Amino acid sequence: MTARTVTLIDVARAAGVSKSTASDALHGSGRVAEATRDRVREVADRLGYRPNSAARRLRRASTGAIGLYLPQTATRLEYYMNLAFGAVERAQEEGLDVVLLGSAAGAHGPLGSRVDGLLVVDPEIGDPAVPALLDAGVPVVTCERYPGPTATPTAAVVCDNAASLTALLDHVHERGAVAPALLAPEATSSWAQALRTAAETWSAERGVSVIVHTVPFAATPAEAAEHTRRLLADRPAVDAVICAPDGAAAGVLRAAAESGRTVGRDFQLASCVDGIAVRSCDPPLTAIDLRPAEYGRTCAALLCEVLAGRARPDTVRLHDWALVVRPSDRAPDRTSV
């Protein structure tokens, strides 16, 4: 004999509230006291209540899906894949599907008829798809701010990328570096803009010049190696390199070895993005852990709150990072004082 499906009315009766109050408590909407909300959720869990998401979507005239847009030059990178998986996991907890959008996202009719909201990751100036996505007529959360103009306010989750680079520069300087260099993309994203501005500010405040060398946004290890060869040929005094693009630092390590430098002894190397490639180097590289899976979850959670009316459409939240120190830097030389 098949067990009867638990309904919202069952939950409401067991919790001693009206059906509308039970619905508001479970969906995070309406003005429901926190104690009542907790009681209704406890009863729902105990009874094994599962919301009818299809019916709810019909009532709300929603699609039950959100769109996810990643930088088109970076979809092969570990950082973005982990961020995407985190976003999908969090969206599924809310009963939402995630649609991965390509560069022609708006070419097949209005996005508003296909998704309830959008996550736009690291939007870049010059990406022709981004302006249409930001003005698609649905709530949008960006992972990092869009540095270009837009007519529609968007919510955002941001990292303090200037602070993270400052921490890396302080770290290598405290360990003896006097001629650091930064391999960074052009300032077409808020991330790259923050790195370049932080390098300039750090140079002025510390009285130590940071050489900024431009590399592709999603530079491969081979591209990073070639740029490093040019950098060290032009600036042989460079004794530390901070590599911004995800996974590219392995190429810097190779080029440094070719030039006769030993990373971890007479040359320092660090990465603005942690990951398997960085941890697998010999020696493993000091890096900034941006916690991408949690970043994706936070972005998806904020979009769900905006869709439910629990957060303003222009809410901005801060995502934490951590400096992970590994053997790719040397201790300061205390012998020559």
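Residues numbered from 1 in each chain as written. Predicted model: local features only at pLDDT ≥ 70, side-chain atom pairs only at ≥ 80, totals over all residues. Heavy atoms only, no water.

> What am I meant to see in the overall build of the protein here?
Within the protein, the secondary structure is distributed over 12 helices and 12 strands. For the protein, the accessible surface area stands at approximately 15,800 Å², while carbon and sulfur atoms represent 52% of it. (Helix = DSSP H or I, 4+ residues; strand = E, 2+ residues; numbered from the N terminus. Areas by Shrake-Rupley, 256 points an atom, 1.4 Å probe, with all protein chains shown as cover.)

> Before we go on, may I ask you to explain the sheet that holds strand β7 (residues 211-214) in this structure?
Two strands in a sheet stick together by hydrogen bonds in their backbones, pointing the same way (parallel) or opposite ways (antiparallel). In space, the six strands of this open sheet follow the order β7-β6-β8-β9-β10-β12, with mixed pairing throughout. Two strands close off the open sheet at either side, each with one partner strand: β7 and β12 (322-324). Direction aside, the axes of adjacent strands within the sheet are offset by 20 degrees on average. Two elements, strand β6 (residues 180-184) and strand β8 (residues 240-243), share four bridges in a ladder whose sense is parallel. (Pairing = 2+ DSSP bridges. Axes fitted to C-alpha atoms, helices over the stretch in contact; angles between N-to-C directions.)

> I keep staring at the nonpolar core and nothing clicks. Help me out?
For soluble globular proteins, nonpolar side chains are generally found buried alongside one another. The biggest cluster of nonpolar side chains holds 48 residues, and the ones touching the most others in it are Leu119 and Leu165. No other element matches helix α12 (residues 292-307), which puts seven residues into this core. Among all residues touching Leu165, those that are not within four sequence positions of it are Leu182, Leu195, Ala198, Ala199, Ile242 and Cys272. With 23 residues, the next largest nonpolar core counts Ile211, Ala224, Ala249 and Leu253 among its residues. (Core = buried A, V, L, I, M, F, W, Y, C linked by side-chain atoms within 4.5 Å. Buried < 20%, exposed > 50% of the residue type's maximum accessible area, 1.4 Å probe, protein only. Contact = heavy atoms within 4.5 Å.)

> Just to check I follow, could you spell out helix α8 (residues 190-206) for this structure?
Residues that lie three or four places apart on an α-helix share one face, since the helix turns once every 3.6 residues. The end-to-end C-alpha distance of α8, which contains 17 residues, comes to 24 Å, matching closely the 24 Å that a straight helix rising 1.5 Å per residue would cover. Listing the buried residues of α8 in full gives Ser190, Trp191, Ala192, Ala194, Leu195, Ala198, Ala199, Trp202 and Ser203. Buried-residue contacts for α8 involve α7 (161-174), β6 and β7. With its phi angle positive at about 70 degrees, Gly207 sits one or two positions after the end of α8. (Expected span 1.5 Å × (residues − 1).)

> Quick question: what am I supposed to make of helix α9 (residues 221-234) here?
The terminal C-alpha atoms of α9 lie 20 Å apart, and with 14 residues this matches the ideal 20 Å at 1.5 Å per residue to within 8%. For α9, the set of buried residues is Ala224, Ala225, His227, Thr228, Leu231 and Leu232. Structurally, α9 contributes buried residues whose contacts are with β6, β7, β8 and α10 (249-258).

> Can you walk me through the sheet that holds strand β5 (residues 155-159) in this structure?
In spatial order, the strands read β2-β1-β3-β4-β5-β11; together these six strands make up an open sheet with parallel pairing. The two strands at the open ends of the sheet, each matched to only one other strand, are β2 (97-101) and β11 (316-319). With strand direction ignored, the average angle separating the axes of adjacent strands in the sheet is 20 degrees. Summarising the sheet, β5 and β11 pair through four bridges and their orientation is parallel. Directly across from Val157, in β11, lies its bridge partner Arg317.

> Looking at this model, I keep getting lost on the packing of α9 against α10. Mind explaining?
Two numbers describe a pair of packed helices, the interaxial angle and the distance between the axes. At their nearest, the axes of α9 and α10 sit 7 Å apart, and the two run at 40 degrees to each other. Taken together, the axis directions place α9 and α10 in an arrangement best described as oblique. Crossing of α9 over α10 shows right-handed handedness. Note on element contacts: α10 touches α9 through Gly251, Val252, Arg254, Ala255, Ala256 and Glu258, opposite Pro221, Ala222, Ala224, Ala225, Thr228, Arg229 and Leu232. For the contact of α9 with α10, the class distribution of residues is eight nonpolar, two polar and three charged. (Parallel < 35°, antiparallel > 145°, perpendicular 65-115°, else oblique. Left-handed = near helix turned anticlockwise from the far one by under 90°. Nonpolar A, V, L, I, M, F, W, Y, C, P; charged D, E, K, R; others polar.)

> Is there a simple way to think about unusual backbone geometry in this case?
Excluding glycine, most residues fall at negative phi; most peptide bonds, likewise, are trans. Here the residue pair Asp282 and Pro283 is connected by a cis peptide bond, since its omega of 5 degrees sits within 30 degrees of zero. Relative to the elements of secondary structure, Pro283 occurs in the loop between α11 (276-279) and β10 (286-289). A positive phi angle, close to 45 degrees, is found at Asp122, a residue other than glycine. Positive phi is not limited to glycine here, since Arg291 has a value of about 50 degrees. Note on placement: Arg291 falls in the loop between β10 and α12.

> Would you mind showing me how to read the packing of aromatic side chains here?
Centre distance and the angle of the planes are the two values used to describe a pair of aromatic rings. Taken as a whole and judged by the stated rule, the model has two aromatic pairs. Ring geometry for Tyr79 versus Tyr80: centroids 5.0 Å apart, planes at 85 degrees, classification edge-to-face. The pair Tyr79 / Tyr80 is uniform in exposure class, with both members buried. With centroids separated by 5.6 Å and ring planes inclined at 80 degrees, the aromatic side chains of Trp191 and Phe217 adopt a geometry described as edge-to-face. Placement of the pair is Trp191 in helix α8 and Phe217 in the loop between β7 and α9, with a sequence separation of 26 residues. Taken as a pair, Trp191 and Phe217 share a single burial class, namely buried. (Phe/Tyr/Trp six-rings, centres within 6.5 Å; stacked < 30°, edge-to-face > 60°.)

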